[in-house]
Amino acid sequence: MQKEDFNQLINSARQTDLLSYFQQSGYTIEKSGGNYYVKEIKGLCIRPDTNQWYNHYTNTGRTNNSIDCLTLVLGRSFNQAVYELTGKDITNMRSSDYPKKQAPQYTSPPKIKKENKILQMPEQSENMRQLFAYLCQTRKIPAEIVEEFVHAKLLYQSQNIVNTTVNGVPQTFKNANAVFVHKNEKGEIIGGEIQGCSSFKRFKGIVAGTGESAFMFMPFPTKDGKPKRAYIFESAIDLMSFYTFCDKKKLTGSVFVSMSGLKPTVPKKLHDEGVQIISCVDNDDAGRKFEEENNFVRSESVKSYLDYKGFKDWNELLVFKTENPDANIMDNNLKQAEQKSEKTRRK
């Protein structure tokens, strides 16, 4: 095959309709606005109008490059990816750009094998000193708020022991994490969100084996136990920060939901059950796009605290207010907010 024909085939593979590929391969597809989520691959989102894919868990994505999706997300070799996308075996084709590799082993796109991942909740440490120090001192969340989540058995400190060598000398370090527990309607633990307790190195993650669940907190349930409205956030830290500002007398029937990013699965499920969704996601382009695509409303009260003052998220607002107690955060002429970036800690 001529090099021009070879390159044309590669370009054709890159532009192959990803949504059709996953549908025809037996994957489960869930539509949300203009996005399509591959249920068996956590975090993988596809936009068929631009043939764009993005993985929320690895923060990788491409536009009109289906080959990279198969190699980076599914772990296919380059030859295998081209074969599955075009039906053409390039193993014996000559090209200085793409060396000869092992031939594909099958003749049709494989259906995914669903795995039953075992939930592995981190072991709880003997104390919660680092958790309280990080949340209260760095994130400025009041101790009584942290205690409320701990007593509800929705939050605890885990501790990892890391053995390493520094300048030839064996060293042991202990890394503490805050674990936000996911529970189902029966109160059973089904997953978790992890936030590192170091003020110097950012770490966020999901407990191994966690499915399509979310961190949820309902401080004042209704008599039937069903939520009436849901406030949705990108992280549990923002959720707790927002809760700090709330008038507790007005929260009966309200549930607070951390999506661990911008994943609409749980909010969509609540919306389908008749729950009012109030978006409290970050004040940035990604947040606006998320709301628009999923028809989630950002209330005027949320706008007045974040958008109109230029705060990115609820913890940034809380840190600023704690360090500037006399500042009127409802004052439209507030100028101190412009200096907040020097004093706040980013996620």
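Located above this text is the structure these notes cover.
Fair warning: this is a prediction, and the values are worked out from it, not measured in the lab.

### Quick word on the sheet that holds strand 12 (residues 254-258)
Ordered by their spatial adjacency, four strands build an open sheet running 10-12-11-13, and the pairing between neighbours is mixed. The strands lining the two open edges of the sheet, one partner per strand, are strand 10 (215-217) and strand 13 (276-279). Strand-to-strand twist across the sheet, computed as the mean angle between neighbouring axes with direction ignored, equals 25 degrees. Looking at chain direction, strand 10 and strand 12 are connected through three bridges and run antiparallel. Bridge assignment links Phe-215 to a residue of strand 12, and that residue is Ser-258.

### Thoughts on the layout of surface pockets
A water-sized probe, rolled over the atoms, reveals where empty space remains. Size it by volume and the largest pocket reaches roughly 990 Å³. Taken together, 32 residues line the largest pocket, and the ones lying closest to its centre are Tyr-54, His-56, Asn-59, Gly-261 and Leu-262. Going through the elements one at a time, strand 2 (35-38), strand 3 (44-47), strand 4 (52-55), strand 8 (189-196), strand 9 (204-206) and helix 9 (285-294) are the ones with two or more residues in the lining of the largest pocket. Among the elements that take part in the lining of the largest pocket, helix 9 stands out by supplying four residues, more than any other. Each pocket or cavity is described by its volume, and for the second largest pocket that value is around 850 Å³.

### Focus: the environment of Met-216
Assignment of secondary structure puts Met-216 in strand 10. Each C-alpha atom, one on Met-216 and one on Ile-232, is 9.3 Å from the other, the two residues being 16 residues apart in sequence. When neighbours within four sequence positions are excluded, Met-216 is seen to be in contact with Leu-154, Val-255, Phe-256, Val-257, Val-266 and Leu-270.

### Describing unusual backbone geometry
Of note in this structure, Lys-140 is not a glycine but carries a positive phi near 65 degrees. Looking at where Lys-140 falls in the secondary structure, it is placed in the loop between helix 5 (129-138) and helix 6 (143-151). If you check the backbone angles, Asn-295 has positive phi at about 60 degrees while not being a glycine. Checked against the element boundaries, Asn-295 lands in the loop between helix 9 and helix 10 (300-305).

### Here's the deal with the environment of Gly-34
With respect to the helices and strands, Gly-34 occurs in the loop between strand 1 (29-32) and strand 2. Residue classification places Gly-34 among the partly exposed residues on the basis of a relative accessible area of 28%. Considering only alpha carbons, one finds Gly-34 and Asp-49, 15 residues apart in sequence, at a separation of 8.3 Å. Contacts of Gly-34, omitting those with residues within four sequence positions, involve Ile-46, Arg-47, Pro-48 and Glu-293.

### Some remarks on the packing of aromatic side chains
Applying the stated rule across the entire model yields 19 aromatic pairs. With 6.4 Å between their ring centres and 25 degrees between their planes, Phe-233 and Phe-256 make a pair best called stacked. Taken together, the residues span a long stretch of sequence, with Phe-233 in strand 11 (residues 229-233) and Phe-256 in strand 12 at a distance of 23 residues. For the pair Phe-233 and Phe-256, one class covers both residues: buried. Arranged with centres 6.2 Å apart and planes meeting at 40 degrees, the rings of Phe-245 and Tyr-305 form a pair that is tilted. With Phe-245 in helix 7 (residues 236-245) and Tyr-305 in helix 10, this pair connects stretches of sequence that are 60 residues apart. A relative accessible area of 28% places Phe-245 in the partly exposed class. Members of the aromatic cluster, each reached through a chain of ring pairs, are Phe-149, Phe-180, Phe-215, Phe-217, Tyr-231, Phe-233, Phe-242, Tyr-243, Phe-245, Phe-256, Tyr-305 and Trp-314.

### What about the sheet that holds strand 2?
If you walk across this open sheet you meet the five strands as 1-2-3-4-5, and the pairing is antiparallel. Across the chains shown, the open sheet's two edge strands, defined by having one partner strand only, are strand 1 and strand 5 (60-63). When the angles between neighbouring strand axes are averaged without regard to direction, this sheet yields 20 degrees. As judged from the four bridges shared by strand 1 and strand 2, these two strands associate in the antiparallel manner. In the strand pairing of strand 2, Ser-32 is matched with Asn-35.

### Overview of the pairing of strand 11
Among the five residues in strand 11, four count as buried, and that is most of the element. The sheet contact formed by strand 11 and strand 12 spans five bridges and is parallel. When the sheet's bridge partners are listed, Ile-232 is paired in strand 12 with Val-257. Where the polypeptide runs from strand 11 across helix 7 and back to strand 12, its parallel neighbour, the crossover connection is right-handed. Where strand 11 lies against strand 13, four bridges are found, and the strand directions are parallel. Directly across from Ile-232, in strand 13, lies its bridge partner Ser-279.

Cut-offs applied
Residues numbered from 1 in each chain as written. Predicted model: local features only at pLDDT ≥ 70, side-chain atom pairs only at ≥ 80, totals over all residues. Heavy atoms only, no water. Pairing = 2+ DSSP bridges. Helix = DSSP H or I, 4+ residues; strand = E, 2+ residues; numbered from the N terminus. Axes fitted to C-alpha atoms, helices over the stretch in contact; angles between N-to-C directions. 1 Å grid on protein atoms, 1.4 Å probe; cavity = no way out; pocket = protein on both sides within 12 Å on 5 of 7 lines; lining within 4 Å. Points joined across faces, edges and corners; volume = space filled by probe spheres on them. Contact = heavy atoms within 4.5 Å. Buried < 20%, exposed > 50% of the residue type's maximum accessible area, 1.4 Å probe, protein only. Phe/Tyr/Trp six-rings, centres within 6.5 Å; stacked < 30°, edge-to-face > 60°. Right-handed = clockwise from strand over helix to strand, strands pointing away.

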